[in-house]
Amino acid sequence: EAKPASFTVAEQIEIALGQAFFWYFLVHIFAKSFEGRTYLNDQGERAPFEFSAVHVEWTLLAQFYPRLCIMAPRAHLKTTVPALGFAFWMMFRASFGLVDGLYFSYKKALADEKIQELQRLIKANPYTRFWQDRKSTAETIINYLVDWGEGPVAEVMLKGEGIMSATLERPTMRLAVE
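Peer 1: It is not clear to me how the packing of helix 1 (residues 9-20) against helix 2 (residues 22-29) should be interpreted in this structure. Could you clarify?
Peer 2: To describe two helices that pack against each other, one gives the angle between their axes and the distance between the axes. Taken N-terminus to C-terminus, the directions of helix 1 and helix 2 make an angle of 135°; their axes are 5 Å apart at the nearest point. The angle between helix 1 and helix 2 places the two elements in the oblique class. Mapping the contact onto sequence places Glu14, Ile15, Leu17, Gly18 and Ala20 in helix 1 and Phe22, Tyr24, Phe25, His28 and Ile29 in helix 2.

Now the structure itself:
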């Protein structure tokens, strides 16, 4: 298997800014995971993924007030931006040690679906091209060695749980709740 191309200076700057600011991550890094994809908008029509000013506002709130509850109508990307996006950002900014987290939804089956979606988003993103999937056959557990092209700098783990059935097997550093 060929080694991925090294990051350009421009990409290294994007990575640094994406690690520092959730809003920058959303607009410049996370958006790359959605290129060519559509979603069902609030009008019931397929539309390309586009993050708006309200999504940037959510990221600013989430970065500085992580115990945040967002209430908005269906099809406004609530799960995509503050839940999946925040979980991805926490992994993206990992710089040492272990980032261990749980993704909570009402039922474990729904949380597992979101873990699978997040796994697809990570794999589709060109900025994670050096990340090493430690559980490539697992569908409902994310476990990567975060690597920016010069060797792993951190390990990230995320698994889904249902609020009604959660059992904490180990201390967890991060939680994302849908």
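Peer 1: Would you take a moment to explain helix 3 (residues 53-64) for this structure?
Peer 2: With 12 residues, helix 3 should cover 16 Å at 1.5 Å per step; its first-to-last C-alpha distance of 17 Å lies within 8% of that length. Taken as a whole, helix 3 has its buried residues at His55, Trp58, Thr59, Ala62 and Gln63. One side of helix 3 holds all its buried residues, which, seen down the axis, span an arc of 130°. Exposed residues lying more than 90 degrees from the buried face of helix 3 are Ala53 and Phe64.

Peer 1: I tried to follow a nonpolar patch on the surface on my own but got confused; where do I start?
Peer 2: Where nonpolar side chains cluster on the molecular surface, the patch consists of Val9, Ile13, Leu17, Phe21, Trp23, Val27, Leu60, Leu61, Phe64 and Tyr65 and spans about 910 Å² of accessible area. Elements with a minimum of two residues in the nonpolar patch: helix 1, helix 2 and helix 3. By secondary structure assignment, the location of phenylalanine 64 is in helix 3.

Peer 1: Help me understand the nonpolar core in this model?
Peer 2: Nonpolar side chains in soluble globular proteins tend to end up buried together. Residues Phe92, Leu118 and Trp131 are the most contacted members of the largest nonpolar core, which totals 39 residues. Residue assignment for this core shows that the elements contributing at least two residues are helix 2, helix 4 (79-92), strand 3 (98-105), helix 5 (108-124), strand 5 (141-147) and strand 6 (152-162). The element contributing the most residues to this core is helix 4, with 9 residues. In contact with phenylalanine 92, other than residues within four places in its own chain, are Ile15, Gly18, Gln19, Phe25, Ile29, Tyr127, Trp131 and Trp148.

Reading the values: rules and limits
- Residues numbered from 1 in each chain as written.
- Predicted model: local features only at pLDDT ≥ 70, side-chain atom pairs only at ≥ 80, totals over all residues.
- Heavy atoms only, no water.
- Axes fitted to C-alpha atoms, helices over the stretch in contact; angles between N-to-C directions.
- Helix = DSSP H or I, 4+ residues; strand = E, 2+ residues; numbered from the N terminus.
- Parallel < 35°, antiparallel > 145°, perpendicular 65-115°, else oblique.
- Contact = heavy atoms within 4.5 Å.
- Expected span 1.5 Å × (residues − 1).
- Buried < 20%, exposed > 50% of the residue type's maximum accessible area, 1.4 Å probe, protein only.
- Arc of directions from axis to C-beta.
- Patch = residues over 30% accessible without salt bridge, like charges linked within 9 Å, V, L, I, M, F, W, Y side chains within 5 Å.
- Areas by Shrake-Rupley, 256 points an atom, 1.4 Å probe, with all protein chains shown as cover.
- Salt bridge = Lys/Arg side-chain N within 4 Å of Asp/Glu carboxyl O.
- Core = buried A, V, L, I, M, F, W, Y, C linked by side-chain atoms within 4.5 Å.

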